[in-house]
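Understanding the architecture of this molecule
The chain contents come next:
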Amino acid sequence: MAATNDADNLEKMYFVYRSMICLGQYSQVLDQISSSATMTNELKAISLLAKYFAEPDNRSEVTQQVSLLLNDEMGSSALVRIIACTIFNNENDYDHAYTSVQNADSMEELSVLAYTLVRMNRPDKASEVYSKMCKIDEDHVLSQLVKTWINANGVCVRSGVEG
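It should be emphasised that the depicted structure is a prediction, and the values quoted were computed from it without experimental measurement.

Note on aromatic pairs: each is described by the distance of the centres and the angle between the planes. Going through the model one piece at a time under the given rule, you end up with three aromatic pairs. Aromatic pair Y52 and F53: ring centres 5.1 Å apart, planes at 85 degrees, arrangement edge-to-face. Judged by its relative accessible area of 0%, Y52 falls in the buried class. A ring pair is formed by Y115 and W149, whose centres lie 5.0 Å apart and whose planes are at 55 degrees; its orientation type is tilted. Residue Y115 is located in helix α7 (residues 107–119), and its partner W149 is located in helix α9 (residues 141–152); the two are separated by 34 residues in the primary sequence.

Now for the pattern of salt bridges. Scanning the model with the defined rule gives five salt bridges in all. Put simply, K51 and E61 hold a salt bridge, and the shortest N to O gap is 3.6 Å. Placement of K51 in helix α3 (residues 41–54) and of E61 in helix α4 (residues 59–73) is noted, with a sequence separation of ten residues between them. For E61, a relative accessible area of 36% gives the class partly exposed. Two residues, R81 and E109, come together in a salt bridge whose shortest N-O distance is 2.7 Å. With R81 in helix α5 (residues 78–90) and E109 in helix α7, this residue pair connects regions lying 28 residues apart in the sequence. For E109, a relative accessible area of 0% corresponds to the buried category.

How each quantity is defined
- Residues numbered from 1 in each chain as written.
- Predicted model: local features only at pLDDT ≥ 70, side-chain atom pairs only at ≥ 80, totals over all residues.
- Heavy atoms only, no water.
- Phe/Tyr/Trp six-rings, centres within 6.5 Å; stacked < 30°, edge-to-face > 60°.
- Buried < 20%, exposed > 50% of the residue type's maximum accessible area, 1.4 Å probe, protein only.
- Helix = DSSP H or I, 4+ residues; strand = E, 2+ residues; numbered from the N terminus.
- Salt bridge = Lys/Arg side-chain N within 4 Å of Asp/Glu carboxyl O.

And the structure:
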């Protein structure tokens, strides 16, 4: 039972740190992660994301570091792939962004993949991802967000499930 609580606590920390990054609290995230007793690859990726936004002059270095972390992690951590995709999208490096989440299976990964495809001006492929998401949960907030991105890109999506 303790292992489950530790895993749950780590997952909560990941969400809190990502929320703090969205609020622009980069230095607090970096400070808290650097003083953390546990250093997972997910925490390393979150730290790189905070550093990416906190230090615009070092973005190319951070992008290289996330590429290395992604190569070490490919296939085992959805969060690392999502953060890598986020950084690559911000760098307008859509090839690497797409590659990092091309085998997505979680709703969050699928939504990031669809976002990348929309940015690549491939709403047809994003619609396919949306259909896959709808098979999992059509009413999920991320499914609805992806539908909005696709519709805003000029392709009308009515329903994700054919039938």
